[in-house]
Amino acid sequence: MLRRLAPYLAYLYLTLVKWTTSLKVLGEEKRASLRAQNRRFVYAFWHSQQMFFTTSHRGDNLSVLVSLSRDGEMIAKVMSLSKIRASRGSSSRNASAALKEMMRLTAEGWNLGITPDGPKGPKEEVKRGAVFLAQKLGVPILPTANFLSRKIVLKKSWDGYQVPLPFGRAAVAYGKPVEVGPDDDLDLKAKELAEELSKTSLKASDWVQSSSGPWIARLVLFLENILAFPLSLFFVLKFLFSSRRRVLWGLQDEIKERLGFLRLPENVKASGRRVLWVHAASAGEVSAVEPLIRLIKARYPEYAVGLSSTNAQGKTRAQKLDFSDFAFMSPLDFFPAVRRTLNRISPKALIVVETELWPHLIALSFSRDIPVILVSAALSERSFSRYQKFSFLARPFLRRISLIAAQTERDAERFKILGVDPGKIFVAGNLKYDRVSSPARTEAKEAFQNLRWENAPFWVAASTHLKEEEILLESFVRVRASLLNLKLVMAPRHVERARELAGLLNQKGISYVFYSELENAVSQDIACLVLDRLGLLSGFYQGALLTFIGGTLISLGGHSLIEPALEGSPLAFGPSIDSSLELAERLISKGAGFKVQDADALAGCLTLLLNDPERQRQSAQAAQAIAESFRGVSNRTLEAIKKRGLSPF
């Protein structure tokens, strides 16, 4: 009695599930395209997802191949109640009769359904029978997947059979149709179908997991919109009443772009190419993403790349290097500006460099099925601690990111702790590792000629901060007491501090010149060159006795080590080196990196390398070799994007 009632009870239960489940369909255009061509096709879905497939495809003019087992008999009855026809058979039992039946149904205008890993597995392994069926019928296979936020997984079943629960969220995703020609290799086609099913399943799971916490996301977006106007007004008024108010009148184009009034270049419009939006915070991140953009443009010339930055220096750097199709200021993160920008460029994907996590940018891209891909992703100890405190606010947006290419295992682990699905995270490395060569070597050579430093030993203090500069200059003074011909190239992290640095140099009795005033400097007595312009630093690493990396003697986590190492410069850094910990450890182990705590330790490193040219040469070679071993990040990142089937690759 109970067995006879079971199909009806199951049908009623699945009806409850259907009524109470919030369903999202992804890739509907793929199914619609086949229907528009009036083509029959085969739905292929994993056996574990069979129950919700039946629920979501009720009355779909569909016949599904169901096994001849007792369980198959009950499934067939449930399908019949759901207005889905069941064809009984499998690749091992009654295969010939099932094939004939399906050929007849196809001719009558029915679409078909099959579980390519059924009826007994192995789990999620496509058998040749599925592609053989499509080949004989002459129809394409439509990879189909679903994912449920609420479900029971039957762990004792061979496939982890999924029973959907009511009052949840679900996604049904359709992948790229697989065509099987009469002469195609069935094993290769089975592999292709398995890959497409895997990608499609990931898309469904991504959407469901990303759509969690909607009320929190809405609250964050609402508050951001409410606060956007008064905060903007405050900063404008503050600027108007400052000594720099005249600068505001020269920012009209920038303000327009910030508000989303962006003009696509005519050559991009005329070409009809689809756009990839790459967002990098500032000049450093713009330079870092250059290798990835060049690789994308080489492999996918049918796409135009728009590169945005949050500051003018980043946009200027992008225009100067000229590796993207157009550069623009990123929109302010509130609804009208972000929506307007998305409308104007209609990107196929959004690639974000490092950790530029803007709520509206992520949420609105997600709502338009634009994949958000975080590359060269890193979370410093300070940022991670901040995100942890407000993880309940950040989690809904982090889960809307499609893929995270982390710099290190530690970064990947931090994203997992913040609630990102581990399946979305992989370790690729730092994109800065792929930079080919310095764009400023010519400027460095000319500067040395003007200063008559061609044969003088020099070291570089890169991206320095106020609290550590006195330590660096004290080291320099101590070493110069016995080695008068030693020179220093100093680059404060923020170039506007160059004049402030001059006061400290005067106190220490160190002669100096600003790069911007080099035409007046012909004296060989100048000991220090201060870089007061952006984009020059990397040109001075080659040939340096040693490069000290700023932000490491104070608790900032340090700046990048890769550029000087690639140019063959040994490195010194303080204990705060979170941003490049793995590289720092490798450099130290090979004698190419030196961890210093104070002026005495840094002076000791300089003296050591000055007095031992062979040691300096070996350290330089080791630094370059280690840096080269870290390369290939762009290719790993692009392959991972492609493997997950993220648009557009």
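Calculation notes
Residues numbered from 1 in each chain as written. Predicted model: local features only at pLDDT ≥ 70, side-chain atom pairs only at ≥ 80, totals over all residues. Heavy atoms only, no water. Axes fitted to C-alpha atoms, helices over the stretch in contact; angles between N-to-C directions. Helix = DSSP H or I, 4+ residues; strand = E, 2+ residues; numbered from the N terminus. Parallel < 35°, antiparallel > 145°, perpendicular 65-115°, else oblique. Contact = heavy atoms within 4.5 Å. Nonpolar A, V, L, I, M, F, W, Y, C, P; charged D, E, K, R; others polar. Buried < 20%, exposed > 50% of the residue type's maximum accessible area, 1.4 Å probe, protein only. Pairing = 2+ DSSP bridges. Right-handed = clockwise from strand over helix to strand, strands pointing away. Arc of directions from axis to C-beta. Core = buried A, V, L, I, M, F, W, Y, C linked by side-chain atoms within 4.5 Å. Patch = residues over 30% accessible without salt bridge, like charges linked within 9 Å, V, L, I, M, F, W, Y side chains within 5 Å. Areas by Shrake-Rupley, 256 points an atom, 1.4 Å probe, with all protein chains shown as cover. Salt bridge = Lys/Arg side-chain N within 4 Å of Asp/Glu carboxyl O. 1 Å grid on protein atoms, 1.4 Å probe; cavity = no way out; pocket = protein on both sides within 12 Å on 5 of 7 lines; lining within 4 Å. Points joined across faces, edges and corners; volume = space filled by probe spheres on them.

**Brief notes about the packing of helix H24 (residues 599-611) against helix H25 (residues 613-629)**
- One way to put it is that H24 packs onto H25 with a least axis distance of 5 Å and a crossing angle of 105 degrees. Classed by the angle they form, the pair H24 and H25 counts as roughly perpendicular. Together, Leu608, Leu609, Leu610 and Asn611 of H24 and Pro613, Arg615, Gln616 and Ser619 of H25 make up the contact between the two elements.
- Per-class residue counts for the contact of H24 with H25 are four nonpolar, three polar and one charged.

**Looking at the pairing of strand S11 (residues 303-309)**
- Among the seven residues of S11, seven are classified as buried, and the element is accordingly described as predominantly covered.
- Taken together, the six bridges between strand S10 (residues 274-279) and S11 define a ladder with parallel strand orientation. Within the sheet, the bridge partner assigned to Leu276 lies in S11 and is Val305.
- For the handedness criterion, the β-α-β arrangement of S10, helix H12 (residues 283-299) and S11 is classed as right-handed.
- Across four bridges, the pairing between S11 and strand S12 (residues 326-329) is parallel. The partner of Gly306 across the bridge, within S12, is Phe326.
- Where the polypeptide runs from S11 across helix H13 (residues 312-321) and back to S12, its parallel neighbour, the crossover connection is right-handed.

**Here we look at helix H23 (residues 581-589)**
- Those residues of H23 that sit buried are Leu583, Ala584 and Leu587. The arc that holds the buried residues of H23, viewed along the axis, is 100 degrees, so those residues lie on one side.
- For H23, the secondary structure elements touched by its buried residues are helix H22 (562-566), strand S22 (571-573), strand S23 (593-595) and H25.
- Where H23 ends, the next residue or the one after it, Gly591, has phi of about 75 degrees, a positive value.

**Some details on the sheet that holds strand S20 (residues 528-530)**
- If you trace the seven strands from one edge of the open sheet to the other, you get S19-S20-S18-S17-S21-S22-S23, paired in parallel fashion. Edge strands, defined here as strands with exactly one partner in the open sheet, are strand S19 (512-514) and S23. Strand-to-strand twist in this sheet, taken as the mean axis angle between neighbours without regard to direction, amounts to 20 degrees.
- Here S19 runs beside S20; their pairing, made up of three bridges, is parallel. Residue Tyr512 lies in a different strand from S20, and its bridge partner there is Cys528.

**Here we look at the nonpolar core**
- Of all hydrophobic cores here, the largest spans 69 residues; its most connected members are Val289, Leu307, Val460, Leu529, Leu531, Phe540 and Leu561.
- In this structure Leu307 touches Val278, Ala280, Val286, Val289, Ile293, Ala318, Phe323, Ser324, Phe326, Ala327 and Phe328, once residues within four positions along its chain are discounted.
- One finds Phe326, Leu350, Val352 and Ile404 within the second-largest nonpolar core, a separate group that totals 38 residues.

**Some words on a nonpolar patch on the surface**
- A cluster of nonpolar side chains, namely Trp215, Leu219, Phe222, Leu223, Ile226, Leu227, Leu231, Phe234 and Phe235, defines an oily patch on the protein surface of about 970 Å² accessible area.
- Residue position: Leu219 is located in helix H8 (residues 214-240).
- When its relative accessible area of 38% is taken as the criterion, Leu219 is described as partly exposed.

**Quick look at empty space enclosed by the protein**
- In the structure shown here, the tally under the stated rule is two cavities of 30 Å³ or more.
- When its volume is computed, the second largest cavity comes out at roughly 30 Å³.
- Lining the second largest cavity are Val17, Thr21, Leu148, Ser149, Arg150, Pro164, Leu165, Gly168, Arg169 and Ala170.
- Residues that form the lining of the second largest cavity fall into these classes: five nonpolar, three polar and two charged.

**Thoughts on the environment of Ala565**
- Along the chain, Ala565 falls in helix H22.
- For Ala565, a relative accessible area of 0% gives the class buried.
- Measuring from C-alpha to C-alpha, the distance between Ala565 and Gly593 comes to 9.4 Å, with 28 residues separating the pair along the chain.
- If we skip the residues at most four places from it in the chain, Ala565 touches Leu571, Ala623, Gln624 and Ala627.

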